[in-house]
Amino acid sequence: MAHQPVIAVGELMQVLDDPDIRVVDASWYLPAANRNAEQEYRDAHIPNAVFFDIDLCCAQSDLPHMMPTPKVFADYVGKLGISDRHKIVIYDTAGLFSAARVWWMFRVFGAKEVHVLDGGFPAWQTQGGTVTSTASELNPAVFTVTTTTGAIASVDDVLSAIGTGKALILDARPTARFIGEQAEARPGVRSGHIPDSKSLPFSNLISNGHLKSTDELVGILNNVGATPESAIVTSCGSGVTAAVICLALERVGWANYSLYDGSWTEWGSRTDLPIGTGT
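Values in this document were obtained by computation on a predicted structure and should not be read as measured data. (Residues numbered from 1 in each chain as written. Predicted model: local features only at pLDDT ≥ 70, side-chain atom pairs only at ≥ 80, totals over all residues. Heavy atoms only, no water.)

### Quick look at the sheet that holds strand β8 (residues 198–199)
Here is step 1: Overall, parallel pairing links the five strands, which are arranged β6-β12-β11-β7-β8 in an open sheet. Because the sheet does not close on itself, it has two edges, and the strands there are β6 (152–153) and β8.
Here is step 2: Bridge count for strand β7 (residues 168–171) against β8 is two bridges, and the pairing is parallel. Its bridge partner being in β8, Leu 170 is matched across the sheet by Lys 198. (Pairing = 2+ DSSP bridges. Helix = DSSP H or I, 4+ residues; strand = E, 2+ residues; numbered from the N terminus.)

Structure follows, in structure tokens:
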């Protein structure tokens, strides 16, 4: 497999039996979806795929699914049978949603080769990929962590970017939430956005579950003021879909980005932080 952030279904089909390949079902849903991602994995998944629980592999925090410590991550994925030397392919059952978050996590912790399956499980099924309900049991592995400096943005990093030009803040939430017209689902979280941030709904980067082409992504990014030279901080509701913007940036080769892990759940919950509304 070429070193690229996304791979096609046909490419995975060709290498699925390679013992160095690890396939990961990283499906996750918001509570309002009323879906059980782990049960859906048990019902049907790509052969040899293991299930990655975003909420289980997370830091102990009042904020949802925050990044774990390197040791917690290494122990968790090691028990799944994944090492930092494996070629890792991540997918979700939505097409492209939560898989990008887990891709980003593996990248931050030093996985050498990790990809998102373009179109996810729906594309796999549509193109005739084999499906199984048999749980995968792989031998434990050792994942040696090497952390990526600057990949995670803190609330202080975001504050320092407001009005200074240090970084362009891109918000992956739907526009109605960004402008404050739609209330946040989590209790106690105010409506609005980080001042000086730009709205870039993650759905704008996707077409039928597939990440858009490089040319399309560059045009979309340019429209919100991003360039190859931009330092970019991505944000969303809880750090999941912000990673879709990171995936898009990786696809176009713009490497100077970080993800605000606390995202709007942290920012909107704190009354000491400023809020913008409207466009």
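### Observations regarding the layout of surface pockets
Here is step 1: Size it by volume and the largest pocket reaches roughly 420 Å³.
Here is step 2: Lining of the largest pocket is provided by 23 residues; of these, Leu 30, Arg 177, Ala 185, Arg 186 and Gly 237 occupy positions nearest its centre.
Here is step 3: Quantified by volume, the second largest pocket comes out at close to 250 Å³.
Here is step 4: Along the wall of the second largest pocket there are 16 residues; nearest its centre are Trp 28, Tyr 29, Arg 35, Ala 37 and Asp 55.
Here is step 5: The residue makeup of the lining of the second largest pocket, split by class, is eight nonpolar, three polar and five charged. (1 Å grid on protein atoms, 1.4 Å probe; cavity = no way out; pocket = protein on both sides within 12 Å on 5 of 7 lines; lining within 4 Å. Points joined across faces, edges and corners; volume = space filled by probe spheres on them. Nonpolar A, V, L, I, M, F, W, Y, C, P; charged D, E, K, R; others polar.)

### Thoughts on unusual backbone geometry
Here is step 1: At Asn 34, a residue that is not glycine, the phi angle is positive and equals roughly 55°.
Here is step 2: Note that Asn 34 resides in the loop between β2 (21–25) and α2 (37–43).
Here is step 3: Even without a glycine there, the phi angle at Asn 48 is positive, about 75°.

### Some words on the packing of aromatic side chains
Here is step 1: All chains considered together, the criterion is met by 12 aromatic pairs.
Here is step 2: With centroids separated by 6.1 Å and ring planes inclined at 55°, the aromatic side chains of Phe 52 and Phe 106 adopt a geometry described as tilted. On the criterion of sequence distance, the pair formed by Phe 52 in the loop between β3 (50–51) and α3 (70–79) and Phe 106 in helix α4 (residues 99–108) is long-range, its members being 54 residues apart.
Here is step 3: Accessibility expressed as a relative area gives 0% for Phe 106, which makes it buried.
Here is step 4: Feature note: the residues Phe 52, Phe 73, Tyr 76, Phe 106, Phe 109 and Phe 143 constitute an aromatic cluster, connected by ring pairs. (Phe/Tyr/Trp six-rings, centres within 6.5 Å; stacked < 30°, edge-to-face > 60°. Buried < 20%, exposed > 50% of the residue type's maximum accessible area, 1.4 Å probe, protein only.)

### Quick word on the pattern of salt bridges
If the charged atoms of two oppositely charged side chains come close together, the side chains can form a pair.
Here is step 1: Going through the model one piece at a time under the given rule, you end up with 11 salt bridges.
Here is step 2: For the salt bridge of Arg 101 with Asp 261, the shortest nitrogen-to-oxygen distance reads 2.9 Å. Taken together, the residues span a long stretch of sequence, with Arg 101 in helix α4 and Asp 261 in the loop between β12 (257–260) and α10 (263–269) at a distance of 160 residues. Of the two residues, Arg 101 and Asp 261, neither departs from the other in class, the shared state being buried.
Here is step 3: Across the salt bridge formed by Arg 173 and Asp 171, the nearest N and O atoms sit 2.8 Å from each other. (Salt bridge = Lys/Arg side-chain N within 4 Å of Asp/Glu carboxyl O.)

### Some details on α4
Here is step 1: Burial within α4 is extensive, with nine of its 10 residues counted as buried.
Here is step 2: If you follow the buried residues of α4, they end up packed against α3, β4 (87–91), β5 (113–117), β6, α9 (242–252) and β12.
Here is step 3: Gly 110 occupies a position one or two residues after α4 and carries a positive phi of about 95°. (Contact = heavy atoms within 4.5 Å.)

### Here we look at empty space enclosed by the protein
Here is step 1: By the definition in use, this model includes one cavity of 30 Å³ or more.
Here is step 2: In this structure, the largest cavity encloses a volume near 30 Å³.
Here is step 3: If you go around the largest cavity, the residues you meet are Thr 227, Pro 228, Ser 230, Ile 232, Leu 249, Trp 254, Ala 255, Asn 256 and Tyr 257.
Here is step 4: A breakdown of the residues in the lining of the largest cavity according to their chemical character gives six nonpolar, three polar and no charged.

### Re the nonpolar core
Here is step 1: The biggest cluster of nonpolar side chains holds 61 residues, and the ones touching the most others in it are Phe 52, Phe 73, Ile 90, Trp 103, Trp 104, Phe 106 and Leu 205.
Here is step 2: Every element with two or more residues in this core is listed here: α3, β4, α4, β5, β7, α8 (214–223), α9 and β12.
Here is step 3: Looking at this core, the element that brings in the most residues is α9, giving nine residues.
Here is step 4: The residues touching Leu 205, leaving out its near neighbours within four places in the chain, are Leu 200, His 210, Leu 211, Lys 212, Leu 217, Ile 220, Val 244, Ile 245 and Ala 248.
Here is step 5: Core analysis: the second largest hydrophobic core is formed by 20 residues, Val 15, Ile 46, Ala 49 and Val 89 among them. (Core = buried A, V, L, I, M, F, W, Y, C linked by side-chain atoms within 4.5 Å.)

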